[in-house]
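Now for the letters of each chain:
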Amino acid sequence: MLMAGTILAGLPVAASAQGAPEGPEIAPPPATGAAQAAVPAAPTVAQQGEIVETIAVTGAQRLEAQTILSYIRLRPGEEWNQVVGDQVLKDLYATELFVSADVRFEDGNVLITVVENPVINRIILEGNDRIKNDKIVPEIRLAPRQIFTRSKVRADVARIIELYKRQGRFAATVEPQMVQLAQNRVDVIFEIDEGPKSKVQQINIIGNEAFSDGDLRGEMITKEARLLSFLSSNTSYDPDRLAFDQQKLRQFYLTQGYADFRVVSAVAELTPDQRDFIITYVVEEGERYKFGDVKVESELRDFDSASMSGRLPMQSGDWYDAEAVENTVEQLTDLAGTFGYAFADVAPQFNRSRENLTMDVTFVLREAPRVYVERIDVNGNTLTQDKVVRREFRVAEGDAFNSLQVQRSAARINSLGYFQENFEINQVEGSAPDRIILEANVEEQATGELQLSAGFSSLESFILQGSIRQRNFRGRGQTVGLSLNYSRFSRSAQVSFSEPYVFDRNISAGADIYRKDYSNFGFNRNNNSTFEQSTTGFSLRAGVPLSEYASLVGSYTLNHDDVTIDENRYFSDFDGDGIDSCEPLLAGRFLCDAIGARTSSILGLTFSVDSTDSRLRPTRGRSLSLTTEYAGLGGSVNYLRVRGKAAQYYPLPAGFILALTAEGGAIRSFEDRGIPGTDDVRLTDRFFLGEPQIRGFDIRGVGPRVIRRPIRVDADGVPQVITEDDQIQDDAIGGTAYYLGRAEIEIPLGTGARELGLRPSLFLDVGGLFNITDPILLQNPFGNEFFNPLRDANGSPIYLNPGANPDVSTDDTIVAIPVGDPIPDGFVAQGNIIPAFEEVFLGDSASPRISVGIGVNWNSPFGPFRIDLAHVLKKQEGDDTKLFSFNVGTQF
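Residues numbered from 1 in each chain as written. Predicted model: local features only at pLDDT ≥ 70, side-chain atom pairs only at ≥ 80, totals over all residues. Heavy atoms only, no water.

**Quick notes on the pattern of salt bridges**
So, point 1. Tallied over the entire structure, the rule returns 36 salt bridges.
So, point 2. A salt bridge links Asp-156 to Arg-159; its shortest N-O distance comes to 2.6 Å. In this pair, Asp-156 and Arg-159 are both assigned in helix H5 (residues 150-166), 3 residues apart and thus about one turn of the helix distant.
So, point 3. Taking the relative accessible area as the measure of exposure, Asp-156 reaches 0% and is therefore buried.
So, point 4. Linking Arg-354 and Asp-260 is a salt bridge whose minimum nitrogen-to-oxygen distance equals 3.2 Å. Pair noted here: Arg-354 is in the loop between strand S13 (346-353) and strand S14 (358-365) and Asp-260 is in the loop between helix H7 (239-255) and strand S10 (262-270), with a separation of 94 residues, a long-range link. (Salt bridge = Lys/Arg side-chain N within 4 Å of Asp/Glu carboxyl O. Helix = DSSP H or I, 4+ residues; strand = E, 2+ residues; numbered from the N terminus. Buried < 20%, exposed > 50% of the residue type's maximum accessible area, 1.4 Å probe, protein only.)

**Points about the sheet that holds strand S15 (residues 372-379)**
Sheet strands pair via backbone hydrogen bonds, and the direction of the pair is either parallel or antiparallel.
So, point 1. Strand order in the open sheet made by the 3 strands is S15-S17-S16, with mixed pairing throughout. Strands with a single pairing partner mark the edges of an open sheet, and in this sheet they are S15 and strand S16 (426-429). Between one strand axis and the next, the sheet turns by 25 degrees as a mean value, whatever way the strands run.
So, point 2. Summarising the sheet, S16 and strand S17 (residues 435-441) pair through 4 bridges and their orientation is antiparallel. Paired with Glu-429 across the bridge in S17 is Ile-436. (Pairing = 2+ DSSP bridges. Axes fitted to C-alpha atoms, helices over the stretch in contact; angles between N-to-C directions.)

**Topic: unusual backbone geometry**
What you tend to see is this: most non-glycine residues have negative phi, and most peptide bonds are trans.
So, point 1. Cis geometry is found at the peptide bond from Glu-691 to Pro-692, where omega equals 5 degrees.
So, point 2. Within the fold, Pro-692 resides in the loop between strand S30 (657-669) and strand S31 (705-713).
So, point 3. At Glu-96, a residue that is not glycine, the phi angle is positive and equals roughly 55 degrees.
So, point 4. Among the structural elements, Glu-96 can be located in the loop between helix H3 (82-94) and strand S4 (98-106).
So, point 5. Take Glu-96: its relative accessible area is 33%, and that puts it in the partly exposed class.
So, point 6. Despite not being glycine, Leu-357 has its phi angle at roughly 55 degrees, a positive value.
So, point 7. Within the secondary structure, Leu-357 is located in the loop between S13 and S14.

Below, the structure written as structure tokens:
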């Protein structure tokens, strides 16, 4: 008798993301060796009641015969019949080790012929571009050197399809293929057609009357696919997001008083082309309720029920708001925590009146023991020392628990910037009901910063800066840094060190040593450098806290400044005394006055208040600082400088963050330099304004400046001002007062963009720099007498050489040209020809400069990246504008 079986012939394996089987089936490999010869031409029929004497196995290649016999229940000596033969085949196929098997019975002998499943040589993925191998391979259960089975292939296909569904690609298909190799081995190939990402084409809502479809869609996370929605990942279909949107709808209605609202059904259907989805919600709004009797019942002895009931944010007659109830529960819990009740249980109890459409709410504060801090544990810190974390706690072991102090401790640890964002302190029950353990489970992050920044300017070309800083040096919380700056207009180097806790006391200290070389090369449109400024110095500082949020920092700074100009170009023996000196007609009065070396000995004091939730990325709170600096304790300058800055941060709905900042400063000199047209505040001590303080303007691009324009005399003897940029000299000379204002809104993005670390923002910058003496106001450019120079139609003086023109009356070097007389092309001075020029003083105005723009922060794989694109709405004549800037860095 012959009984044969095949391996589920005709069962397809290929599948698609919609779940419908498709594609060709995997053909079983041909039988080889003894298995081929074992198939008889025709079966024979055994007589009922015959006894099995022997059982033999043929066709096996890797498996031992005894192993195969152990898989079946039949044993010699048992009676043979049709049912027994069928059971043998079932036992063999249940192992999933065989392609085919048959059983033959003759004269008491049972012959089992098998063809083994092949061994997998390798697994190959083809066509997967959106999801890489490292994401798919862990989902595949088949592996090289395992036995090939169709059930495992089908299961792996289903897992790959599910992986693509989670990515929103419901049109994806997977077709497995098998390549036969020698020695009964196969390669398994999964051919993947990823298809397009399935979008939500339409969202329908049925049953809503109080609110429009648009209002309700705005409450959902899932959005309809539109032309400009490619930046959002919320347009793709996600079953989990569908369930979350149902909760969002319910939350929205509960905040509007619809306590009986429910989502009857939510159905997602594929479009006819099987690519996108149409989602249909059926809702039942119910009646709208108002608050009825609202009160607090306290079982805690420190709280008076009647007094707390009168302070509740909701009143009887207000529309019912479930969110207000949740917020009240949270506030009452926090309030109990401030009194030491860490495990206070606030349970709202509801009594609904369907007749009156009112909702009575009773907030019950259940009895709980006052809790004390048993222990503070710091876990996960491999580099940072325990004391660096512990000293930021505002509660100590043995203290009464205080939830506000615990929250403040978490904010201070967050502000260190050493650990993961949104760090929280876990509260764990202690050894007794009145004991609590505070756990700081930290995840250390890179605190070293290697930063490179670059900017582009039409005047400067590229500006490069680099700095290296370690904010947690040796895990002690110390900061050490080295910064270098190089551009066509400046070079600087600085070494800094800060210790936040000197000798483990709450006293901070720090020191900086620096050298800064500045040239106004970039601000001369003829690309000529008019002066260079070198500053060498050091600064020492120490600070003490005045309260939890306020601190006082004192500092001492010693600077040596040296301002020089090119003597070959700007020095001359114009007065004939045989000594070369700075020539105002060549360099300008303000530069001739600024040259020389001087020493500044500066004593500073800063008062600051900071209640923000994070010093690195604040989202709420405010900060305020006021700095006063006095120079005059030795040195060669004497002035008082005051600066102030304030910032306020507001968390807005939907994840937006609004930041408002204001800043201003002024300086007053106690020196009387006694030179008309010369400001008592020296050039090196003034304020300068531009990038990065106010975006949209170049470095030192805002405020007072002196511009020289060459004059060419035409054939009629009429002076003509040359306006070409490459002929104009533009020198920023700073101001003695400034102000700044900024409003910036950080825009939340979708999940995909947020995972990439993108944080765009819109900004508005306002600022002004002003209050400086006109350096060219009615002053003899030679410095010895006053005179009335020729002026143009705008009142700007025109400086000319008296030369040898007999029509020009001269008194040594004093220019006096009668109005209307012919004007010579230039004048001769010690053999050098100095062309005529017009000198204009611009920008000394308190009128605000205004710019708007968009900026993007990106935590890229190679470091933080920032780009700003700004448009100037309002400026003053002479201001230098700038379109964009960017910087990039990395961390270690």
